[in-house]
Amino acid sequence: GLSPPEIAAGIREIEQVESRDCISVIGYCDPSIYDASRGESVAQKMEQCGVFFEPGDNARMSGKMQVHSRLRFDEEGKPGLYIFNTCRDLIRTLKELPYSKTKVEDIDTDAEDHAYDALRYILMAFPTAERPVTQKKPRPAFDPLHQFDEKRW
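Per chain, residue numbering runs from 1 following the sequence as it is written. For a predicted model such as this one, the threshold for reporting local features is a pLDDT of at least 70, and the threshold for listing and counting side-chain atom pairs is 80 or more; totals across whole chains, interfaces and linings nevertheless cover every residue. Working from all heavy atoms in the structure, the side-chain values ignore hydrogens and water.

What about the environment of Ile11?
Thinking step 1. Helix and strand labels come from DSSP, where a helix needs a run of H or I of at least four residues and a strand needs a run of E of at least two; each type is numbered from the N terminus. Summarising the element assignment, Ile11 is placed in helix H1 (residues 4-20).
Thinking step 2. A 1.4 Å probe rolled over the protein chains alone gives each residue an accessible area, and that area as a share of the maximum for its type sets the label: buried under 20%, exposed over 50%, partly exposed in between. For Ile11, a relative accessible area of 21% gives the class partly exposed.
Thinking step 3. Distance in space between the C-alpha atoms of Ile11 and Gly27 is 9.7 Å, their sequence separation being 16 residues.
Thinking step 4. Should any heavy atoms of two residues lie within 4.5 Å, those residues are considered in contact. Apart from residues lying up to four places away in sequence, Ile11 is in contact with Met46, Val51 and Phe53.

Quick look at the structure:
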C-alpha cells in the first residue's frame, strides 16, 4: 500500500489541476484517520504534506438512507443522484455490495465498500429530506365485456 505522504502527493497533484480551473475541493474522509491512539494519526501525516480533510459523518444507517433516497426516482422519473461513467469503482462495487449477515439493515463492511463509504460521506455532508416512494398508478384491469365502445354496437 501507499504511505500517507505518497497518497498526499497524488491528492495534491489532482487538487492543483482543479484549483487551476478555479474549482474548490473539500475532501471528506473516514473519521478513523484522526485516530492518534498509536502515535501520529494519518490525518496529521496528510496535513504535514498539505492535504486537509473534513471528517465524514459515519452514521451508517442515515448514510445508507441518503444513498437509497437519492437513487430513488421521483414522480417525473428523475433520480436524486447521477453517477457518471468515470466513477468506475463506485459502479463496479455498488452493484455487487452485499448486505451484512449479522446486521441485515446494513451492508457487509468486510466487502469492498470504500467507494460506497465515500459516497455516504459526501451525501451526509449535504443531506436531503427523504424522497417519497412514488407509486405507479394502477392500470385498470382488463374487462373483456367492456373492452368495446358500446355506442358502436
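A look at the packing of aromatic side chains
Thinking step 1. Aromatic pairing here means that ring centres of Phe, Tyr or Trp (its six-membered ring) are within 6.5 Å. Orientation follows from the plane angle: under 30 degrees is stacked, over 60 is edge-to-face, and everything else is tilted. What the rule picks out here adds up to 1 aromatic pair.
Thinking step 2. When the ring of Tyr28 is compared with that of Phe126, the centres are 6.5 Å apart and the planes differ by 85°; the resulting orientation is edge-to-face. Of the two residues, Tyr28 is situated in strand E1 (residues 28-29) and Phe126 in the segment after helix H5 (114-125); the sequence distance between them amounts to 98 residues.
Thinking step 3. Judged by relative accessible area, which is 25%, Tyr28 ranks as partly exposed.

Points about the side chain of Ser69
Thinking step 1. When you line up the elements, Ser69 lands in helix H3 (residues 60-71).
Thinking step 2. Assessed through its relative accessible area of 2%, Ser69 is described here as buried.
Thinking step 3. Those residues in contact with Ser69 that lie beyond four places of it in its chain are Ala129, Glu130 and Arg131.

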